[in-house]
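Structural overview for review
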Amino acid sequence: MRKSARWGIGIGGILFTTVFFLVPFAFIFTMSAKTGPEAARLQFSWPTEFVLWENIVAVFQARNYMLIVAFINSFTLTVFSVALMVVFGAMVAYVLDRRKSRLNGLINAAILAGLIVPPAVVPTIWVMQSLGIFKTLFGLILIEVAFGLSFTILVMRAFIATIPREIDEAAIVDGAGPLRLFFRVILPLLKPTIVTIVVVQSIFVFNDFQNPLYFLPGDANATVQLTLFNFQSQFVTSYNLLFTNILVITIPMLVMYLIFQRQIVSGMTAGAVKG
Amino acid sequence: MHSEATARPKTAAPRAVARHVERSYPLWFYIPGGLVYVVLFIVPTLLSFYFAFTRWTLFDSTFVGFDNFIQFFAEPGLIGSLKNTLVYGVVTSASKVVLGMLLAVLLSGPIIARGYLRSVTFFPVLVSAVGVGLTFQVLLDPFNGVVNQVWTAITGADGPGWLTNPDLALLSVAAIDVWKGVGLATLIYIAGIAAIPNEYFEAARVDGAGAWQQFRSIILPLSFPATSTVILLSLIGGLRSFDLIWSTTQGGPGFSSDVIASVIYKQYQAGFYGLSTAGNVILFLVVTAIVYPLSRWLNSKETSL
């Protein structure tokens with residue numbers, strides 16, 4: 001490509017992304033630094049009085065520190081459900097790839113169903129109620145695992161297929177049992193896809209609104225996304241606090257993305273697309 | 001001679017392999033994931049086919065036959081959601097394919113600030129649908145919103161009520177969905193384009209192919225696996241979409257942007273559990289009827305490439 005084209009397209013891209021992608025973010029940021037009356041004008045302008053910190057404090061204090069409880073809930077939910085998804089999913093993907101059994105067809109069908117079929121909401125509540133896990137964080141963790149498992153298995157399986165069986169053989173010859181072989185040899189080799197799965201599924205679970213709404217209702221165990229909705233009704237005119245809340249709950253995912261950015265594309269290349 | 005040499009180990013090996021396979025790759029590895037999946041996903045799905053035919057209070061249910069479905073298809077507000085779901089799914093997924101590929105081609109080229117541009121395009125994916133929905137509700141405010149302020153500054157006329165005009169609401173939400181999701185489509189395409197061997201481009205350049213010819217003859221066909229991934233993921237997501245619609249319009253104004261998923265929630269809230277579950281069954285049928293044949297077809301095209 002000619003030098004002028006590299007610059008031309010690059011600058012065009014910067015202009016385009018600035019208008020379409022950066023302006024909404026700048027808007028969120030400036031709104032959350034404004035005072036209530038100024039934010040209510042909904043304008044895209046630099047705040048005349050910069051009160052971001054005061055707004056952050058106010059958002060955390062609101063409704064008896066509800067946001068802190070929500071953050072604890074959301075982190076617990078995300079960490080445990082994604083960890084279980086990775087371990088359970090890798091176990092299935094691994095045996096599915098390595099062992100030809102009569103179950104393979106059935107399991108492949110189940111994975112496809114898990115990707116396509118929308119969860120049946122009220123019957124799920126009914127089942128959870130019978131098990132005594134409705135309205136519990138534990139129940140919601142299992143829900144996220146059940147709904148996220150298919151995608152995890154699909155991405156991991158394509159990657160496991162690229163791991164040579166000689167590695168398994170070597171470990172078996174060295175006397176490793178199935179658990180040791182899996183947890184000590186295979187799982188560490190899956191690191192590239194695990195990073196991709198962790199990032200993608202964490203974003204999904206942390207940002208999930210629908211499942212907590214249905215399966216974990218109530219203010220006491222709100223997740224961060226539900227606080228957002230409560231805020232909207234409580235501070236009908238407090239746009240500054242609403243946007244501060246959006247900003248505060250986006251930061252964890254933004255930080256995670258910036259850390260793992262490079263690994264995500266390579267993990268995707270290895271798993272989802274090549275498969 | 002050749003066949004004999006390979007035939008002998010073949011008869012002996014499978015048994016030995018089978019034994020070590022059974023020991024090293026135990027079937028019980030399926031159990032932890034399978035248990036969670038069957039109990040919380042398969043069982044409720046199967047139950048939905050019964051409860052959809054009942055009047056249901058969670059504690060007891062009376063069988064009412066096709067009443068729920070008749071009601072669903074008779075009420076304009078409910079049947080409208082079916083059409084909206086289809087429009088929403090097709091519009092969002094088609095736009096994500098086109099824009100995602102376009103952005104990925106640009107961001108795969110040797111342009112300046114590539115890493116920065118890739119990150120910025122992905123940022124919206126990191127914000128929750130609720131956060132995005134509430135932000136755009138403010139940006140698209142008919143009177144004070146930034147979008148219409150700019151609109152007025154350019155055209156001199158008042159901008160439309162993006163989310164309050166019944167003709168526009170659904171498409172506006174779809175546009176917000178594209179804004180939020182195109183980063184993921186772009187990422188998948190970037191991965192797909194990165195997987196194309198460089199030799200093809202070199203050979204094309206030697207033969208004097210221009211940028212457009214390289215795109216037509218190399219990128220477009222060889223990134224097909226990425227295309228089918230993007231189509232399927234965004235279509236499934238679009239047909240099931242709830243979060244964004246709920247946080248922007250709540251299905252309104254009227255029922256103009258109601259989709260099946262928001263109808264399911266409204267009926268659930270109102271305590272009509274049987275009707276809500278019937279909505280689930282309809283959504284199940286719609287998504288499966290569209291996505292399953294499509295995925296088979298895309299797969300067959302993929303292998304024939």
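Since the model is a prediction, treat every value here as computed from it, not as a measurement.

Focus: the overall build of chain B
Scanning chain B from N- to C-terminus turns up 14 helices and two strands. Whereas a compact globule of 305 residues would reach a radius of gyration of roughly 19 Å, chain B reaches 25 Å, over 25% beyond that. Seen along its three principal axes, the alpha-carbon backbone of chain B occupies a region of about 80 × 65 × 30 Å. In chain B, of all internal contacts separated by at least 6 residues, the share reaching a separation of at least 24 is 65%. Roughly 14200 Å² of accessible area belongs to chain B as shown, and the carbon and sulfur atoms make up 67% of that amount.

Comments concerning the packing of helix 5 (residues 121–131) of chain A against helix 2 (residues 31–51) of chain B
The relative placement of two packed helices comes down to the angle between their axes together with the axis-to-axis distance. Following both chains from N to C, one finds helix 5 of chain A and helix 2 of chain B inclined at 120°, their axes separated by 8 Å at the closest point. Judged by the inter-axis angle, helix 5 of chain A sits oblique to helix 2 of chain B. Viewed along their axes, helix 5 of chain A and helix 2 of chain B form a crossing whose handedness is right-handed. Contacts from Pro123(A), Thr124(A), Trp126(A), Val127(A), Met128(A) and Leu131(A) in helix 5 of chain A reach Val39(B), Leu40(B), Val43(B), Pro44(B), Leu47(B), Ser48(B) and Phe51(B) in helix 2 of chain B. Residue composition of the contact of helix 5 of chain A with helix 2 of chain B, grouped by class: 11 nonpolar, two polar and no charged.

Focus on empty space enclosed by the protein
Inspection of every chain in the model, using the stated rule, returns two cavities of 30 Å³ or more. Taken as a whole, the largest cavity encloses approximately 50 Å³ of empty space. Pro24(A), Phe25(A), Ile28(A), Val127(B), Gly131(B), Val132(B), Thr135(B), Phe136(B) and Trp179(B) are the residues that line the largest cavity. Counting residues per element, the ones that place at least two in the lining of the largest cavity are helix 1 (3–32) of chain A together with helix 6 (129–139) of chain B. Counting residues per element, the lining of the largest cavity draws most heavily on helix 6 of chain B, which supplies four residues. Estimated volume of the second largest cavity: approximately 30 Å³. Forming the boundary of the second largest cavity are Pro118(A), Ala120(A), Thr45(B), Ser48(B), Asn280(B), Val281(B) and Phe284(B). Listing elements by their share of the lining of the second largest cavity, those giving two or more residues are helix 2 and helix 14 (273–304) of chain B. Ranked by the residues each element gives to the lining of the second largest cavity, the list is headed by helix 14 of chain B, at three residues.

Section: the UniProt feature "transmembrane region" (unreviewed entry) in chain B
Residues given the UniProt feature "transmembrane region" (unreviewed entry) here are residues 27–53, 86–108, 120–140, 178–197, 218–239 and 272–294 of chain B. Between the C-alpha atoms that bound residues 272–294 of chain B there is a distance of 33 Å. The span itself is 96% helix and 0% strand.

Thoughts on the UniProt feature "domain: ABC transmembrane type-1" (unreviewed entry) in chain B
Here, UniProt's "domain: ABC transmembrane type-1" (unreviewed entry) annotation points to residues 82–294 of chain B. Along residues 82–294 of chain B the backbone is 77% helical and 0% strand, and the end-to-end C-alpha distance reaches 19 Å.

Re the side chain of Gln214(B)
Residues and elements named next belong to chain B. Its place among the elements puts Gln 214 in helix 10 (residues 211–222). Overall, Gln 214 belongs to the buried group, its relative accessible area being 12%. Residues within four places of Gln 214 in sequence aside, it is in contact with Phe 201, Ala 204, Arg 205, Ala 209 and Ile 219.

Considerations on the packing of aromatic side chains
Counted by the stated rule, this structure contains 47 aromatic pairs over all chains. Residues Tyr257(A) and Phe122(B) carry aromatic rings whose centres are separated by 4.6 Å and whose planes lie at 25° to one another, so their mutual orientation is stacked. Of the two residues, Tyr257(A) is situated in helix 12 (residues 239–273) and Phe122(B) in helix 5 (residues 114–126); the pairing between them involves two chains. Their ring planes at 75° and their centres at 5.6 Å tell us that Trp151(B) and Trp162(B) sit as a pair that is edge-to-face. Of this pair, Trp151(B) sits in helix 7 (residues 146–155) while Trp162(B) sits in the loop between helix 7 and helix 8 (169–194), placing them 11 residues apart in sequence. Residue Trp151(B) is classed as partly exposed on the basis of its relative accessible area of 33%.

Brief notes about the confidence of the model for chain B
All names here are of chain B. Of the residues in chain B, 93% have a pLDDT of 70 or more, and the chain-wide mean is 88. Within chain B, the lowest mean pLDDT, 57, falls on helix 1 (residues 2–24), and the highest, 95, falls on helix 2. Predicted confidence for residues 1–12 stays below pLDDT 50, and this span has one contact to residues more than four positions away or in other chains. The ipTM for the predicted assembly is 0.90, set against a pTM of 0.90.

Quick look at the pattern of salt bridges
All names here are of chain B. Inspection of every chain in the model, using the stated rule, returns four salt bridges over all chains. Its salt-bridge partner being Asp 177, residue Lys 96 comes within 3.0 Å of it at the nearest N-O pair. With a gap of 81 residues between them, Lys 96 in helix 4 (residues 76–108) and Asp 177 in helix 8 connect regions that are remote in the sequence. Across the pair, exposure class does not vary: Lys 96 and Asp 177 are buried alike.

Regarding the side chain of Asn55(A)
Residue and element names in this part refer to chain A. Checked against the element boundaries, Asn 55 lands in helix 3 (residues 52–98). A polar contact is formed between the side chain of Asn 55 and the backbone oxygen of Lys 34, at a distance of 3.0 Å. With sequence-adjacent residues up to four places away left out, Asn 55 is seen in contact with Ser 32, Ala 33, Lys 34, Asn 240, Leu 241 and Thr 244.

Scoring rules and cut-offs
- Residues numbered from 1 in each chain as written.
- Chains lettered and ligands numbered in written order.
- Predicted model: local features only at pLDDT ≥ 70, side-chain atom pairs only at ≥ 80, totals over all residues.
- Heavy atoms only, no water.
- Helix = DSSP H or I, 4+ residues; strand = E, 2+ residues; numbered from the N terminus.
- Rg over C-alpha atoms; globule rule 2.2 N^0.38 Å.
- Contact = heavy atoms within 4.5 Å.
- Areas by Shrake-Rupley, 256 points an atom, 1.4 Å probe, with all protein chains shown as cover.
- Axes fitted to C-alpha atoms, helices over the stretch in contact; angles between N-to-C directions.
- Parallel < 35°, antiparallel > 145°, perpendicular 65-115°, else oblique.
- Left-handed = near helix turned anticlockwise from the far one by under 90°.
- Nonpolar A, V, L, I, M, F, W, Y, C, P; charged D, E, K, R; others polar.
- 1 Å grid on protein atoms, 1.4 Å probe; cavity = no way out; pocket = protein on both sides within 12 Å on 5 of 7 lines; lining within 4 Å.
- Points joined across faces, edges and corners; volume = space filled by probe spheres on them.
- UniProt positions renumbered as here; feature names shortened; annotations may be inferred.
- Buried < 20%, exposed > 50% of the residue type's maximum accessible area, 1.4 Å probe, protein only.
- Phe/Tyr/Trp six-rings, centres within 6.5 Å; stacked < 30°, edge-to-face > 60°.
- pLDDT = per-residue confidence, 0-100.
- Salt bridge = Lys/Arg side-chain N within 4 Å of Asp/Glu carboxyl O.
- Polar contact = N/O pair within 3.5 Å; in protein donor to acceptor, adjacent residues only side chain to side chain.

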